[in-house]
Amino acid sequence: MSFTVYSGKTPKFYTPDREREIDSIVIHHWGAKSSYQGMDDLSAMRSIENGFAAGGREASAHYIVASGKVMQVLHDKHTAWHAGDWVMNTRSIGIECHPRCSSGDLNTVAELVQILATGYGPLHLYGHSDVITSGTTACPGDYYPNLGPLRAIALNPENGPFPVDPAPAVLAVDGYWGVGTTTRLQEVLGTTRDGAVSSQDSFWKNQNPGLTSGWEWVASSSAVGSQLIKSLQRKCSVSDDGLIGPGTIKAIQRRMGTTADGTVSEQSKMVMEMQRRLNRNTI
């Protein structure tokens, strides 16, 4: 076992014992990655543990996991309130995972899944969004594209070890060009992966409301452009000065097969098509 085990406070909301045998695992994430930036992993895990114990919402889980750390807050024999479906609660184990979904996080989750499947026999494995019946959820976030290998381990625990590199996150096709879209674009185009579009002319900011987080807007006289935009301009066969503007936007719109009006609106069809292509690892 390559992780450290921590004991945790019992959640306020759970049901003693079980109505059914354990045959499943449900994978969750804690929520927005930004909420835990700058926080060490154990402190982040304790914040989730304390939230369950205080009963801020009627929810719980069995395990809380981050890279190299596993905290059990509820014994497997009890029913955690985690799946949004009562029958699934009664037959499953809920695992809350660090939302950053790093290689270390995934390897630790995979090892825990392997241990559980070895102990209980082959288990089905789901993402929370697969089983919730009350509304919709983005959970388990970046873990969703990694469920295939986790399922293989749950059904056949001898299938480990887990591959180190996590799958790319699936972008929401929402038409807003922010940090997530920029990061995937940087991955596909092979430029520095930092989620930022640097040194852009602020003259164009208000005219393009679909360009949201991660854009650095500076005075026109100071704008020197971004390597990412240069790379994208070369893809679109226009001058590669690294600066976004009507000409570059029209070129991208033509490449995406959308109306070439030179602006990036909110819920932009151009950006939606870009996001669809990035989810296929192309541009």
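**Q** So what exactly am I meant to see when it comes to the overall build of the chain here?
**A** A tally of regular secondary structure across the chain gives 9 helices and 10 strands. Reported as C-alpha extents along the three principal axes, the dimensions of the chain are approximately 65 × 35 × 35 Å. Looking at the chain residue by residue over its 283 residues, the buried ones come to 46%.

**Q** For this particular structure, what's the right way to read the environment of glutamate 58?
**A** Within the secondary structure, glutamate 58 is located in the loop between α1 (41–54) and β4 (63–66). By relative accessible area, which is 59% here, glutamate 58 ends up exposed. Here the alpha-carbon distance between glutamate 58 and glutamate 96, two residues 38 residues apart in the chain, equals 15 Å. Dropping the residues within four chain positions of it, glutamate 58 is found in contact with Phe13 and Trp81.

**Q** I tried to follow the pattern of salt bridges on my own but got confused; where do I start?
**A** When their charged atoms lie close together, side chains carrying opposite charge are able to pair. Per the stated rule, a full pass over the model turns up 11 salt bridges. The partner of aspartate 105 in a salt bridge is arginine 100, with the nearest N and O atoms 2.7 Å apart. Aspartate 130 is the salt-bridge partner of arginine 151, the closest N and O atoms lying 3.3 Å from each other. One end of the pair, arginine 151, is in helix α5 (residues 147–155); the other, aspartate 130, is in helix α4 (residues 128–131), and 21 residues separate them in sequence.

**Q** Just checking my understanding: could you explain the sheet that holds strand β3 (residues 24–29) for this structure?
**A** Pairing is mixed in the open sheet, where 6 strands are placed in the order β1-β5-β4-β7-β3-β8. Edge strands, defined here as strands with exactly one partner in the open sheet, are β1 (4–7) and β8 (124–127). Each adjacent strand pair in this sheet contributes to an overall mean axis angle of 25°, direction not counted. With 6 bridges joining them, β3 and strand β7 (residues 92–97) adopt parallel strand pairing. Bridging across to β7, isoleucine 27 finds its partner in isoleucine 95. In the packing of helix α3 (residues 103–120) onto the sheet, contacts are made with β3, β4, β5 (69–72), β7 and β8, and the angle to β4 comes to roughly 140°. Across the face of the sheet, α5 comes into contact with β3 and β8 while running at roughly 155° to β8.

**Q** Could you clarify how one ought to interpret the layout of surface pockets in this entry?
**A** By rolling a water-sized probe across the atoms, one finds the places where empty space is left. Roughly 1000 Å³ of volume is contained in the largest pocket. Taken together, 36 residues make up the lining of the largest pocket; nearest its centre are Lys33, Asp142, Ala169, Gly180 and Thr183. Tallying contributions element by element places helix α6 (residues 179–189) first for the lining of the largest pocket, with 6 residues. Grouping the constituent residues of the lining of the largest pocket by class yields 14 nonpolar, 14 polar and 8 charged. In this structure, the second largest pocket occupies an estimated 400 Å³ of space. Phe52, Arg57, Ala59, Ser60 and Glu96 are, among the 26 residues lining the second largest pocket, the residues nearest its centre. Taken together, the elements giving at least two residues each to the lining of the second largest pocket come down to β3 and α1. Across the lining of the second largest pocket, the residue classes tally to 9 nonpolar, 13 polar and 4 charged.

**Q** I tried to follow the packing of helix α8 (residues 246–256) against helix α9 (residues 269–279) on my own but got confused; where do I start?
**A** The geometry of α8 relative to α9 is characterised by a closest axis approach of 9 Å and an angle of 55° between their N-to-C directions. In terms of orientation, α8 lies oblique with respect to α9. When the axes of α8 and α9 are compared, the crossing they make is left-handed. Along its contact with α8, which presents Ile249, Ile252, Gln253, Arg255 and Met256, the element α9 presents Met270, Glu273, Met274 and Arg277. Taken together, the residues of the contact of α8 with α9 break down into 5 nonpolar, 1 polar and 3 charged.

**Q** Where do I start with α9 in this structure?
**A** Each full turn of the α-helix corresponds to 3.6 residues, which orients residues three or four apart in the same direction. Within α9, 8 of the 11 residues are buried, leaving the element largely enclosed by the surrounding structure. Those residues of α9 that sit buried are Met270, Val271, Met272, Glu273, Met274, Gln275, Arg277 and Leu278. Tucked into the core, α9 has its buried residues touching α6 and α8. A side-chain oxygen of the first residue of α9 lies 3.2 Å from the backbone nitrogen of methionine 270; this N-cap is serine 268. Looking one or two residues past α9, asparagine 281 carries a phi angle of roughly 65°, positive in sign.

**Q** What's the story with the nonpolar core in this structure? I'm lost.
**A** Taken as a class, soluble globular proteins show a tendency for nonpolar side chains to be buried jointly. In terms of nonpolar packing, the biggest core is built from 25 residues, with Ile27 and Ile95 touching the most fellow members. Of all the secondary structure elements, the ones that give two or more residues to this core are β3, β4, β7, α3 and α5. Counting residues per element, this core draws most heavily on α3, which supplies 7 residues. What isoleucine 27 contacts, discounting residues up to four positions off in sequence, is Ile95, Cys97, Val109, Leu125, Tyr126, Gly127, His128, Cys139, Pro140, Tyr143 and Leu147. Core analysis: the next-biggest nonpolar cluster, separate from the first, contains 23 residues, Leu185, Leu189, Trp215 and Ile229 among them.

Cut-offs and rules
Residues numbered from 1 in each chain as written. Predicted model: local features only at pLDDT ≥ 70, side-chain atom pairs only at ≥ 80, totals over all residues. Heavy atoms only, no water. Helix = DSSP H or I, 4+ residues; strand = E, 2+ residues; numbered from the N terminus. Buried < 20%, exposed > 50% of the residue type's maximum accessible area, 1.4 Å probe, protein only. Contact = heavy atoms within 4.5 Å. Salt bridge = Lys/Arg side-chain N within 4 Å of Asp/Glu carboxyl O. Pairing = 2+ DSSP bridges. Axes fitted to C-alpha atoms, helices over the stretch in contact; angles between N-to-C directions. 1 Å grid on protein atoms, 1.4 Å probe; cavity = no way out; pocket = protein on both sides within 12 Å on 5 of 7 lines; lining within 4 Å. Points joined across faces, edges and corners; volume = space filled by probe spheres on them. Nonpolar A, V, L, I, M, F, W, Y, C, P; charged D, E, K, R; others polar. Parallel < 35°, antiparallel > 145°, perpendicular 65-115°, else oblique. Left-handed = near helix turned anticlockwise from the far one by under 90°. Polar contact = N/O pair within 3.5 Å; in protein donor to acceptor, adjacent residues only side chain to side chain. Core = buried A, V, L, I, M, F, W, Y, C linked by side-chain atoms within 4.5 Å.

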